[in-house]
Amino acid sequence: MVRGATDAGWLAFTILGIFCLASPTARAQTLAGIGGWTRQDTFVSLAVSSVFIFKLISTLWAATPRLAVANAIWHIYLITWPLVFLAMSYCKPKLNQALQALAWGLILIGVWDMFALLSEGIPQYHQGAAFTTNRGILAELVLIAGSWLLIAATSDDQKMNRQSRVLFIVATLCAWIVLYTTDRRTEWIGFFIITVMIGFWRIRHLLNLTRSLVLLLGLVMIGVAFFYLRQERLLLAYNEAVQYFSQVDKPTSTAIATAVGARLEMYRLGISAFLDNPILGMSAGVRPYLLPQYGGGGLGGEQFHHRHFHSEFVQALAEGGIVWATTFLMAIIYFIRKLILEPFKTQSLASMLAFGLVASFILAGSFSASLIYNQPIATFVVFSAFLWAIIRSNRTGI
């Protein structure tokens with residue numbers, strides 16, 4: 001959440017992972033803690049690294065190989081996942097300590113934003129010297145951190161003391177504050193969805209028909225309050241969508257010069273590219289502004305020059321067609337199986353945190369590029385490697 005911090009953290013763990021491989025003593029100690037390197041470690045590593053590997057391979061059929069290589073380089077953090085995992089295993093991290101550090105960081109950002117909100121209105125993050133220059137990136141990182149702290153705050157782990165639980169609750173509230181001040185619709189709605197899912201899961205054993213109806217009524221009321229707080233932004237999104245679809249056959253520069261209109265146009269272009277290249281796609285070198293054959297509607301140049309399609313799923317189809325989309329889906333399923341489903345009975349907290357991580361990236365990636373920018377990728381690598389180290393060491397509880 002602080003500019004450069006995610007990259008520095010990733011780099012530190014990567015260097016430590018290299019040390020674990022280079023030093024016989026450190027390597028023996030690390031492997032002893034996880035019972036040796038296994039086939040599942042290799043497969044999880046491949047699942048995480050598959051995005052980088054595919055993008056690099058796609059240069060073979062790319063119209064502009066240089067752009068495909070550049071796209072692969074944006075994802076180079078992913079191939080360091082095994083090193084970060086070894087570093088985490090060597091450090092023997094504790095969940096409670098990591099969650100407390102995350103909570104204090106989120107509280108700091110929340111307090112900063114609260115003062116800015118009260119004194120200046122919605123803060124403009126691109127003017128701040130301390131935080132990320134991209135509000136979307138900040139919102140995505142807060143979505144991940146907030147999800148983790150919500151899961152920890154509602155955990156039924158008896159080993160968690162009251163002070164830690166209160167800290168996690170306060171940090172979760174700060175996540176709401178930061179998401180509000182970033183003015184981001186996608187992450188705000190995503191956090192609401194995750195909150196509802198976690199809430200239902202935590203109280204599932206208490207629900208009957210009457211309580212379920214009362215709870216649904218409560219959610220409707222919260223939804224109304226949410227709409228009231230963000231009505232200007234939500235109505236703006238609706239009007240932008242109406243404006244775009246009213247000109248969908250030949251969208252004007254005005255129709256796509258909006259947040260929603262631009263996304264809809266990029267989705268249309270990406271799907272058109274996929275339909276014409278359904279097997280292998282157009283490679284990682286494809287860009288929305290390089291598709292004039294599909295009527296780009298003014299995308300490109302000074303007006304619009306995005307390097308991605310603002311959706312990981314459309315991106316996968318446009319870049320790699322059915323082959324890559326299927327491989328990508330299988331990698332996600334394997335990751336979910338190993339980090340969420342299989343460890344749930346014995347390591348429920350780590351499993352739920354993995355769910356929060358995956359859900360955050362899926363929700364953010366549905367309408368944005370969650371695996372393009374270095375901060376989210378570094379966060380995913382470090383957080384997922386941390387959880388896998390916890391799971392592989394067979395440590396339970398907080």
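The shown structure was predicted, so the numbers you read here are calculated from the model rather than taken from an experiment.

Q: Just checking my understanding: could you explain the packing of helix H1 (residues 5-22) against helix H2 (residues 24-34) for this structure?
A: How two helices sit against one another is set out by the angle between their axes and by the gap between those axes. Where H1 meets H2, the closest approach of the two axes is 5 Å, and the angle between their N-to-C directions is 100 degrees. With respect to each other, H1 and H2 are oriented roughly perpendicular. Within the contact between the two elements, H1 uses Phe19, Cys20, Leu21 and Ala22 and H2 uses Pro24, Ala26, Arg27 and Thr30. Class assignment of the residues belonging to the contact of H1 with H2 gives a composition of 6 nonpolar, 1 polar and 1 charged.

Q: Just checking my understanding: could you explain the nonpolar core for this structure?
A: For soluble globular proteins, nonpolar side chains are generally found buried alongside one another. Membership of the largest hydrophobic core comes to 78 residues, with the highest contact counts inside it found for Trp148 and Phe168. Element by element, the count of residues in this core is highest for helix H16 (residues 374-392), at 13 residues. Each residue touching Phe168, except ones within four places of it in the same chain, is listed here: Asn96, Leu99, Gln100, Ala103, Leu149, Ala152, Ala153 and Met160. Formed by 17 residues, the second largest nonpolar core is a distinct cluster that contains Ile256, Val260, Leu269 and Val286.

Q: Teacher, can you tell me more about empty space enclosed by the protein here?
A: To find leftover empty space, a probe the size of one water molecule is rolled over the atoms. One pass over the structure, following the stated rule, counts 3 cavities of 30 Å³ or more. In this structure, the largest cavity occupies an estimated 300 Å³ of space. If you trace the largest cavity, you find 18 residues lining it, with Phe328, Ile332, Phe361, Leu371 and Phe380 closest to the centre. Elements that contribute at least two residues to the lining of the largest cavity include exactly helix H3 (39-57), helix H14 (312-341) and helix H15 (348-366). The leading source of residues in the lining of the largest cavity is H14, at 6 residues.

Q: It is not clear to me how H3 should be interpreted in this structure. Could you clarify?
A: For the α-helix, the turn length of 3.6 residues means that residues three or four positions removed from each other point alike. The end-to-end C-alpha distance of H3, which contains 19 residues, comes to just 24 Å, noticeably less than the 27 Å that a straight helix rising 1.5 Å per residue would cover. Within the sequence span of H3, burial applies to Asp41, Val44, Ser45, Ala47, Val48, Ser49, Ser50, Val51, Phe52, Phe54 and Lys55. Tucked into the core, H3 has its buried residues touching helix H4 (65-74), helix H5 (81-91), H14 and H16.

Q: Help me out: how do you make sense of the pattern of salt bridges in this one?
A: Should their charged atoms come close, side chains of opposite charge can pair. This model, assessed by the stated rule, comprises 6 salt bridges. Here Lys55 makes a salt bridge to Glu319, at a shortest N to O gap of 2.5 Å. With Lys55 in helix H3 and Glu319 in helix H14, the pair connects residues that are 264 residues apart, well separated along the chain. On the basis of relative accessible area, Lys55 is assigned to the buried category, the value being 4%. One salt bridge in this structure joins Lys338 and Glu342, with 3.1 Å as the shortest N-O distance. Overall, the relative accessible area of 10% leaves Lys338 in the buried class. Salt bridges sharing common partners tie together Arg337, Lys338 and Glu342.

Q: Explain the layout of surface pockets to me, please; I cannot follow it from the model alone.
A: There is about 940 Å³ of room inside the largest pocket. Residue lining of the largest pocket: 39 residues in total, with Arg184, Thr186, Ala259, Arg263 and His310 positioned closest to the centre. Taken together, the elements giving at least two residues each to the lining of the largest pocket come down to helix H7 (135-153), helix H9 (185-202), helix H11 (231-245), helix H13 (259-276) and H15. Per-element accounting of the lining of the largest pocket gives the leading share, 7 residues, to H13. Taken as a whole, the second largest pocket holds about 680 Å³ of empty space.

Rules and cut-offs
- Residues numbered from 1 in each chain as written.
- Predicted model: local features only at pLDDT ≥ 70, side-chain atom pairs only at ≥ 80, totals over all residues.
- Heavy atoms only, no water.
- Axes fitted to C-alpha atoms, helices over the stretch in contact; angles between N-to-C directions.
- Helix = DSSP H or I, 4+ residues; strand = E, 2+ residues; numbered from the N terminus.
- Parallel < 35°, antiparallel > 145°, perpendicular 65-115°, else oblique.
- Contact = heavy atoms within 4.5 Å.
- Nonpolar A, V, L, I, M, F, W, Y, C, P; charged D, E, K, R; others polar.
- Core = buried A, V, L, I, M, F, W, Y, C linked by side-chain atoms within 4.5 Å.
- Buried < 20%, exposed > 50% of the residue type's maximum accessible area, 1.4 Å probe, protein only.
- 1 Å grid on protein atoms, 1.4 Å probe; cavity = no way out; pocket = protein on both sides within 12 Å on 5 of 7 lines; lining within 4 Å.
- Points joined across faces, edges and corners; volume = space filled by probe spheres on them.
- Expected span 1.5 Å × (residues − 1).
- Salt bridge = Lys/Arg side-chain N within 4 Å of Asp/Glu carboxyl O.

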